[in-house]
Amino acid sequence: MHSLSAHLMLLFSAVIVVTLALINTYPLLTAQDLMMETKRSDMLRTANLVSSSLSGLQTLGRDRVSAVMTQLDLYGEGRIFVTDTAGEILFDSAAETSLLGRDLLRRELLSALRGQDAFRCVYRDGAFESSAAVPITTRSEIFGAVYFYEYDAEQGALLLSMQRYLRYISLILGALTLLASLAFSTVLRRRVHRLNVAISEVREGHYSHRVPVSGRDEISRIAEEFNALSGRLEQTEELRRQFVSNASHELKTPLASIKLLTDSILQSRNMEMEDVREFLGDVSEEIVRLTRITDRLLNLTRLDVNLHREFIPVSVSYVAERAARMLQPLSEHYQVTITCEAEPDCLVLAEEDGMYQILFNLVENALKYNVPGGSVRVLSYLRDDKVTCIVDDTGIGIPEKDLPQIFDRFYRVDKARSRETGGTGLGLAIVQDTAAQYGGRVWAENRAQGGTRFTVEFPALDITRYEFE
Ligand code: ADP
């Protein structure tokens, strides 16, 4: 009995039993009480009427009592006795089984003879058996008593039929509720089972498994969330697979070159020292390239791990100017001019190294994918709580179809050119991941007049709210 549906069933059954028990007792007891109360007031009223009619008589003689009683004629279903103080019956309304002359020593009569009205009613074998007794007094002296007895099977039958109906209703209600709760717990069990199966499937690595979702209740929402989660896992797994295959491919190429170069040296017996040096120079270049790739991969992994890092106010303008300055020699190499227009107060909560890396990569690309005599323009400004930095170039541009992918890891539009310029295809992925760490985003577009525009946008730091340590 560990399942949720079994617990629910047990709870439902307990609630049904308690409810049905209440339905079968409370209304019946109330009706019974009500009937008894009506009987008490009716019977005591009749007995009192008889008593007051008889209290006018000086003495209670059988004939005189009988005469008064005949006149009254009000006992209906019941049977009325009039007794003297000793309990001897002077009048009995049931003519055919008259108990005249006998002693009637019932409890109620005895209390009436002691001066107290008495009433008793019991419900037994489907009938109400009730008796009421009142004293007959004249000038506060008791000289007899009226005893009223009634056996009422009619109202008893009414109560019995009510009990029967309630039992039928309870049976139907119980059966219906039981069926409904059985159906409900079966459906619940099935849905939870489906979720369990899906969780095990995904745990086993079948990320494409989905739970069918129907309805809008909590379980459906859990199923939806679960589907979204496994979708995410599937995506991450796919990215991971792609990343590993791309990374190994990227590492394989320089390694293959190194192998080729060293084999060439090893295999040729009398190689000129000059050629050996040249080959080793190539090997060294490939090693530099390998080192660059691994450095960048490490950089990306550090971003993925998302360690708790401390962000400080960083001036984007200052960092942009620094990156442009550092790349001055490269710009001369490519014969491209760099201009930097940076507004002050462009503060962002970030890390200086990360911000430098972003701007360095963007400006470096703008130089690398440019043409001799071209230019690069770096702009940074603050507008509407956003710090924006734009890197414009007059370079070769990016084909529209490649634009959505250029931020993917290892994606390069022109592999040969990228390799030639020492590219790894990781620069823009680092830019995007780093910008996202600071709440920013980056996008690229081709400029109408030729070349590319890269825009990075960050939420500006409100210096008035920043608490310096
Ligand atoms: P890489 O190391 O190859 O430069 P990036 O991730 O920095 O890798 O860039 C990805 C690709 O996007 C590059 O290979 C290049 O084809 C293209 N690219 C990036 N910046 C520019 C630019 N300013 N102009 C033209 N193409 C660019």
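Basis of the calculations
- Counting from 1, residues in each chain are numbered in the order their sequence is written.
- The model is predicted, so local features are restricted to residues of pLDDT at least 70 and side-chain atom pairs to those at 80 or more, both for listing and for counting; the totals for chains, interfaces and linings are taken over all residues.
- To get the side-chain values, all heavy atoms of the structure are used, and hydrogens and water are removed first.
- Patch membership requires more than 30% relative accessible area and the absence of a salt bridge. Residues of like charge join within 9 Å; the nonpolar side chains Val, Leu, Ile, Met, Phe, Trp and Tyr join within 5 Å.
- Computed with a 1.4 Å probe, the accessible areas rest on the Shrake-Rupley method; for each residue, only the protein chains presented here act as cover.
- Each reported salt bridge corresponds to a side-chain nitrogen of Lys or Arg within 4 Å of a carboxyl oxygen of Asp or Glu.
- Note on classification: 1.4 Å probe, protein chains only; a residue is buried when its accessible area is under 20% of the maximum for its type, exposed when over 50%, partly exposed between these limits.
- Two strands are said to pair when DSSP picks up at least two bridges between them.
- Here a helix means four or more residues in a row that DSSP labels H or I, a strand means two or more in a row labelled E, and each is numbered from the N terminus.
- Lines fitted to C-alpha atoms define the axes, with helix axes restricted to the stretch in contact, and inter-axis angles between N-to-C directions lie between 0 and 180 degrees.
- Joining through side-chain atoms within 4.5 Å is the link that ties buried Ala, Val, Leu, Ile, Met, Phe, Trp, Tyr and Cys residues into a set, and such a set is a nonpolar core.
- In what follows, a contact means two residues having at least one pair of non-hydrogen atoms within 4.5 Å.
- Throughout, near means a residue has at least one heavy atom within 4 Å of the molecule or strand.
- Pairs of N or O atoms within 3.5 Å make up the polar contacts considered here, provided that, within protein, one atom can donate a hydrogen while the other can accept it, and that residues adjacent in sequence are counted only when both atoms are side-chain atoms.
- For this classification, the nonpolar set comprises Ala, Val, Leu, Ile, Met, Phe, Trp, Tyr, Cys and Pro, the charged set comprises Asp, Glu, Lys and Arg, and every other residue, Gly included, is treated as polar.
- Under this rule, positive means Lys or Arg and negative means Asp or Glu; His and the chain ends count for nothing.
- Working definition: a ring pair exists when centres of Phe, Tyr or Trp rings (six-membered ring for Trp) sit within 6.5 Å. Plane angles under 30 degrees give stacked, over 60 give edge-to-face, the rest tilted.
- Comment on the angle field: the value is read as roughly parallel under 35 degrees, roughly antiparallel over 145, roughly perpendicular from 65 to 115, and oblique elsewhere.

Student: Let's hear about a nonpolar patch on the surface: which residues, and what values?
Tutor: Together, Tyr165, Tyr168, Ile169 and Leu173 line one region of the surface with nonpolar side chains, adding up to about 440 Å² of accessible area. For leucine 173, a relative accessible area of 38% gives the class partly exposed.

Student: Hey, could you go over the sheet that holds strand E7 (residues 337-342) for me, with residue numbers and the actual values?
Tutor: Read from one edge of the open sheet, five strands run E7-E9-E10-E12-E11, paired in mixed fashion. In this open sheet, the two edge strands, each paired with only one partner strand, are E7 and strand E11 (441-446). Neighbour to neighbour, the strand axes of the sheet diverge by 15 degrees on average, direction disregarded. Taken together, the seven bridges between strand E10 (residues 386-393) and strand E12 (residues 452-459) define a ladder with antiparallel strand orientation.

Student: Kindly report on the nonpolar core, identifying the contributing residues and their values.
Tutor: Met355 and Ile358 are the most contacted members of the largest nonpolar core, which has 38 residues in total. Counting only elements with at least two residues in this core, the list comes to helix H7 (316-326), strand E8 (347-350), helix H9 (352-368), strand E9 (375-383), E10, helix H11 (427-437), E11 and E12. If we ignore the near neighbours within four places in the chain, the residues touching isoleucine 358 are Val431, Thr434, Ala435, Tyr438, Val456 and Phe458.

Student: Account for the sheet that holds strand E2 (residues 89-92), naming residues and giving values.
Tutor: Here five strands make up an open sheet; going across it, the order is E2-E1-E5-E4-E3 and the pairing antiparallel. Edge positions in the sheet fall to E2 and strand E3 (118-124), since each has one partner strand and no second. On average, adjacent strands in this sheet sit at an angle of 15 degrees to one another, irrespective of strand direction. In the sheet, E3 pairs with strand E4 (residues 127-138) via seven bridges, with the strands oriented antiparallel. Looking at the pairing, alanine 118 lines up with alanine 133 of E4. The sheet strands contacting helix H1 (residues 4-54) are strand E1 (79-83), E3, E4 and strand E5 (141-152), and the helix crosses E4 at an angle near 30 degrees.

Student: Can you tell me about the site of the ligand, naming the residues and giving the values?
Tutor: In the vicinity of the ligand there are 21 residues, among which Asn365, Tyr369, Ser418, Thr424 and Leu428 approach most closely. One of the backbone N or O atoms of glycine 427 is found 3.3 Å from an oxygen atom in the ligand. Relative to its unbound accessible area of 530 Å², the ligand is 98% covered by the protein chains. Put simply, the parts of the chain that give the shell around the ligand at least two residues each are H9, H11 and E12. Counting residues per element, the shell around the ligand draws most heavily on H9, at three residues. Of the residues assigned to the shell around the ligand, the class counts are nine nonpolar, eight polar and four charged.

Student: An account of the side chain of lysine 368 is needed here, citing residue identities and associated values.
Tutor: Along the chain, the position of lysine 368 falls in helix H9. No salt bridge is formed by the buried lysine 368; the nearest opposite charge belongs to glutamate 364, separated by 4.5 Å. Leaving out residues up to four positions away in the same chain, lysine 368 has contacts with Tyr334, Arg417, Thr421 and Gly423.

Student: How would you summarise the packing of aromatic side chains if you had to cite specific residues and measurements?
Tutor: Here the structure, examined in full by the defined rule, presents eight aromatic pairs. Consider the rings of phenylalanine 407 and phenylalanine 454, whose centres lie 6.2 Å apart with planes at 80 degrees: the pair is edge-to-face. On the criterion of sequence distance, the pair formed by phenylalanine 407 in the loop between E10 and helix H10 (415-420) and phenylalanine 454 in strand E12 is long-range, its members being 47 residues apart. Across the pair, phenylalanine 454 and phenylalanine 407 agree in class, each one buried. With a centroid separation of 6.5 Å and an interplanar angle of 40 degrees, the aromatic rings of tyrosine 438 and phenylalanine 458 are classed as tilted. Here tyrosine 438, found in the loop between H11 and E11, pairs with phenylalanine 458, found in strand E12; they are 20 residues apart in sequence, far enough to count as distant.

Student: So, the packing of helix H4 (residues 153-203) against helix H5 (residues 218-267): which residues are in play, and what are the values?
Tutor: Put simply, H4 and H5 touch, their axes get as near as 11 Å, and they point 10 degrees apart. Classed by the angle they form, the pair H4 and H5 counts as roughly parallel. Contacts between H4 and H5 involve Leu188, Arg191, Val192, Leu195, Ala198, Ile199 and Val202 from the former and Ile219, Ser220, Ile222, Ala223, Phe226, Ser230 and Leu233 from the latter. Tallied by class, residues from the contact of H4 with H5 come to eleven nonpolar, two polar and one charged.

So far we have only geometry, and geometry alone does not tell us how the molecule works.
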